[in-house]
Structures are given as structure tokens and as C-alpha cells.
Amino acid sequence: MADHQEASVTLPSDPASVPTARRFVAEVLAGWGLDDAADLADSIRLVVSELATNAVLHTLGQSPTFTVEVRLEREERLHIGVTDSHPRRPRRLPAAVQQDNGRGMVIIRVLAAEAGGRLSVTPTEDGGKTVWITVPWCAAPVPSC
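The model shown is predicted, which means the values in this text are computed figures rather than measured ones.

Thresholds, definitions, all that
Each residue is numbered by its place in its chain's sequence as written, counting from 1. In keeping with the predicted nature of the model, local features appear solely for residues at pLDDT of at least 70, side-chain atom pairs appear and are counted solely at 80 or more, and the whole-chain, interface and lining totals rest on all residues. In computing side-chain properties, one takes all heavy atoms of the structure into account and sets aside hydrogens as well as water. Working definition: with a 1.4 Å probe on protein chains only, accessible area under 20% of the residue-type maximum means buried, over 50% means exposed, and in between means partly exposed. What counts as a helix is a DSSP run of H or I of at least four residues, what counts as a strand is a run of E of at least two, and both are numbered from the N terminus. Starting at the helix axis, one direction is taken to each C-beta atom, and the arc is that of these directions. The contact rule is simple, with two residues in contact once any of their heavy atoms fall within 4.5 Å. Residue types Ala, Val, Leu, Ile, Met, Phe, Trp, Tyr and Cys, when buried and joined through side-chain atoms within 4.5 Å, form a set referred to as a nonpolar core. A strand pair is defined by DSSP finding two or more bridges across the two strands. Grid points spaced at 1 Å over the protein atoms alone were grouped into cavities, where a 1.4 Å probe fits but cannot get out, and pockets, open sets with protein on both sides within 12 Å along at least five of seven lines, with lining residues defined by an atom within 4 Å of a point. Grid points are joined across faces, edges and corners, and a volume is the space filled by probe spheres set on the points.

Draft legend 1. Quick look at helix α3 (residues 104–114). Listing the buried residues of α3 in full gives G104, M105, I108, L111 and A112. Down the axis, α3 shows its buried residues gathered within 130° of arc, on one side only. The elements touched by buried residues of α3 are α2 (39–57), β4 (118–123) and β5 (129–136). Looking one or two residues beyond α3, the residue adopting positive phi is G116, at roughly 85°.

Draft legend 2. Inspection of the nonpolar core at higher detail. In this structure, V25, L29, I44, F66, V70 and L78 are the most contacted members of the largest nonpolar core, which totals 37 residues. Counting residues per element, the ones that place at least two in this core are β1 (4–12), α1 (17–31), α2, β2 (65–73), β3 (77–84), α3, β4 and β5. Considering every element that reaches this core, the biggest residue donor is α2, with 9 residues. With sequence-adjacent residues up to four places away left out, L78 is seen in contact with L29, W32, I44, V70, R71, L72, I133, T134, V135 and W137.

Draft legend 3. Molecular detail of the pairing of β4. As paired strands, β4 and β5 are joined by 6 bridges and run antiparallel to one another. By the bridge assignment, T122 is partnered in β5 with T130. Here β4 folds back onto β5 in antiparallel fashion, the turn holding 5 residues, of which G127 has a positive phi close to 95°.

Draft legend 4. Layout of the pairing of β5. Among the 8 residues in β5, 7 count as buried, and that is most of the element. Summarising the sheet, β3 and β5 pair through 8 bridges and their orientation is antiparallel. Bridge assignment links V82 to a residue of β5, and that residue is V131.

Draft legend 5. Looking closely at empty space enclosed by the protein. Taken as a whole, this structure holds 2 cavities of 30 Å³ or more when the rule is applied. Each pocket or cavity is described by its volume, and for the largest cavity that value is around 60 Å³. Around the largest cavity, the lining residues are A26, L29, A30, L34, D35, D36, A41, I44 and R45. At the level of elements, α1 and α2 are the ones that each hand at least two residues to the lining of the largest cavity.

Structure, rendered in C-alpha cells:
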């Protein structure tokens, strides 16, 4: 495998794009050797769903598209980012018992941390942002992963 692999897709900011983003990432990672049944694969599918949903719902129509980027560095670190053109950074919302939303960023942070990774946000040159998760790469099921 190469020292650095990457793939990306740009999709319309539409709820129908969320499953497309999730499938795209799952197919890329399977091609790189991640077992689809691995705990990491499940976590990544949920993270991508949450990030893509946020890019659709919380940009208030100001981002006509979002981009999903997947990078694998030296078979050690996996980076997954979702970029939109809205300048507002994601934030934790108070999650009242009756609310159906407001928990996405908490879920993403917990899943990234459980996988030994982290969440970060970087600004883009055009005034938007990319929300990243970075986790250790674990293509084969071994005890340390």
C-alpha cells in the first residue's frame, strides 16, 4: 500500500446525500482493507452520517454542496473530513430530554475518542470549515486495535 492514499466526493447539500456519503466512505475503506464488520467500520459509518447530516442541516442553505475526504497516512492514521462552505463552527447544543437533535457532535467526539482518535475543525480558504476525525488505522482485526 502507498504511504498516502486519499479519496473524496462532493455531494449536494441534501438529506439524500447522507447515505451516499456513508456508502462512499465504506467502499473506500473496504478497498483499503478495513473489514466491514469491524467495530471501527461501524463507528466510521455513524461519524460520517453525523458529519454529513450536520453539513446539510446546519449550514442554513448557505452551502450548496459538501465534500467528504478520506485520507490514510502510512497505514497508521485515518483522517475523515467533511467540508462545507458555511463559516460557523459546529458547537454542542444543549440536549434536552425532548430534543431529537443536538447530540451529533457529542456522539462524534465519543466515537473518535473510543477509537483512540480525536475531532478537530479547520477553516477553509473560502471561509468554510472542515470537521475532521483522526483515528489510528486498524485494517486487520488484531488485539491492539
